[in-house]
Amino acid sequence: MITVKNPQQIALMRESCKIVKETLQFVGENIKAGMTTKEVDELVHRYIISCGATPSSLGYCGFPASCCVSVNEVVVHGIPSDRVLLDGDIVSVDITVEKNGWQGDACRTFLIGNVSEEKKKLVKVTEECFFKAIENLKAGTPLYDIGYAVQTHAESHGYGVVRALTGHGIGQEMHEDPSVPNYGKKGTGMRLRAGMTICIEPMINMGTYKVVTARDGWTVLTADGKCAAHYENTVLITEDGVEILTL
Ligand code: MF3
Ligand code: CO
Ligand code: CO
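Think of each chain on its own: its residues are numbered from 1, step by step along the sequence as written. Each chain gets a letter, beginning with A, and each ligand a number, beginning with 1, in the order they are written. Predicted model: local features are reported for residues with pLDDT of at least 70 only, side-chain atom pairs are reported and counted for 80 or more only, and whole-chain, interface and lining totals are derived from all residues. Side-chain numbers here rest on the full set of heavy atoms in the structure, without hydrogens or water.

Brief notes about the layout of surface pockets
Turning to step 1, where the next piece is worked out: Taken as a whole, the largest pocket holds about 340 Å³ of empty space.
Turning to step 2, where the next piece is worked out: Definitions used throughout: a 1 Å grid over protein atoms alone; a cavity as a set of points that fits a 1.4 Å probe which cannot get out; a pocket as an open set with protein on both sides within 12 Å along at least five of seven lines; a lining residue as one with an atom within 4 Å of a point. Looking at the largest pocket, it is lined by 21 residues, and the ones nearest its centre are Tyr-60, His-77, Asp-94, Met-174 and His-175.
Turning to step 3, where the next piece is worked out: Of all elements in the fold, only strand E4 (90-99) and strand E7 (167-169) reach the threshold of two or more residues within the lining of the largest pocket.
Turning to step 4, where the next piece is worked out: Basically, the charged four are Asp, Glu, Lys and Arg, the nonpolar ten are Ala, Val, Leu, Ile, Met, Phe, Trp, Tyr, Cys and Pro, and anything else, Gly included, counts as polar. By residue class, the composition of the lining of the largest pocket is nine nonpolar, eight polar and four charged.
Turning to step 5, where the next piece is worked out: Grid points are joined across faces, edges and corners, and a volume is the space filled by probe spheres set on the points. Considering only enclosed or pocket space, the second largest pocket measures out at about 180 Å³ in volume.
Turning to step 6, where the next piece is worked out: Lining the second largest pocket we find Lys-132, Ala-133, Glu-135, Asn-136, Leu-137, Thr-141, Asp-145, Ile-146, Tyr-148, Ala-149 and Lys-186.
Turning to step 7, where the next piece is worked out: Numbering of helices and strands runs from the N terminus, with a helix taken as a DSSP run of H or I at least four residues long and a strand as a DSSP run of E at least two residues long. Looking at the lining of the second largest pocket, the elements with two or more residues in it are helix H3 (117-134) and helix H4 (144-156).

Comments concerning helix H2 (residues 37-50)
Turning to step 1, where the next piece is worked out: The span you would expect from a helix comes to 1.5 Å times its residue count less one. The first and last C-alpha atoms of H2 sit 20 Å apart over 14 residues, in line with the 20 Å expected at 1.5 Å per residue.
Turning to step 2, where the next piece is worked out: Burial classification: accessible surface area is computed with a 1.4 Å probe over protein chains only, and a residue below 20% of its type maximum counts as buried, one above 50% as exposed, and the rest as partly exposed. Residues Thr-37, Val-40, Asp-41, Leu-43, Val-44, Tyr-47 and Ile-48 constitute the buried set of H2. Taken end-on, H2 shows its buried residues confined to a sector of 155°, consistent with a single buried face. In H2, the exposed positions that point more than 90 degrees away from the buried face belong to Arg-46 and Ser-50.
Turning to step 3, where the next piece is worked out: Considering only its buried residues, H2 is in contact with helix H1 (7-30), strand E1 (54-55), strand E2 (68-71) and E4.
Turning to step 4, where the next piece is worked out: Phi for Gly-52, located one or two positions after H2, is positive at around 75°. Starting at the helix axis, one direction is taken to each C-beta atom, and the arc is that of these directions. Only heavy atoms enter the contact rule, under which two residues are in contact if any of them lie within 4.5 Å.

Next up, the structure:
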């Protein structure tokens with residue numbers, strides 16, 4: 001079921017999304033080589049709690065941490081651990097926050113120290129994929145135009161678009177309908193309506209689009225071991241465009 005949010009509900013989502021944005025800013029100011037991914041999670045956890053909010057990931061389907069921290073070849077759902085961040089790594093930190101019963105969800109891929117031009121380009125193109133997707137997005141746009149825009153941009157750079165995972169609706173639940181793929185045929189899919197809130201989250205691989213899941217049941221890795229990047233925002237569809245709630 002796809003839910004359309006009323007202005008009061010949107011105001012509450014704005015608040016949750018603002019906390020996500022600030023938490024990511026805080027991570028960006030503090031993340032550095034030598035830290036473990038568990039230390040990144042601790043920063044995230046403390047910041048969210050200090051805002052009077054709850055990290056939705058903690059305990060979600062048994063996930064053991066307050067955010068996902070995915071390094072290099074890890075595409076998404078990296079479990080914070082003793083893995084040490086090294087100079088040259090790219091690290092995506094994906095944060096979902098609940099406050100007053102409403103969710104916000106966003107992800108950034110951070111550069112640790114001196115990152116190769118090749119990896120920097122992957123991170124930049126992944127962000128661009130998001131902005132291409134929202135360029136003409138508004139009430140009435142067919143859903144799969146989003147994926148078409150992401151896929152066209154990523155593949156024009158020779159990258160692989162992850163298909164096994166998608167964006168999603170969001171509201172009182174972290175994951176609501178509809179599913180928002182990062183690939184698709186222009187002009188197809190349901191038409192979006194004003195008041196819908198969705199997460200658009202390109203997951204882009206330097207090599208093959210294929211991914212594998214580790215034995216821990218969470219960590220999603222590129223099948224070829226090459227790097228991946230992830231960028232996500234919670235977006236409100238309006239009559240004449242979008243409002244990016246986590247930016
Ligand atoms: N934030 C993720 C998303 O973008 C989901 C988190 S999975 C969890 O959909 F297990 F960490 F909760
Ligand atoms: Co997310
Ligand atoms: Co999401």
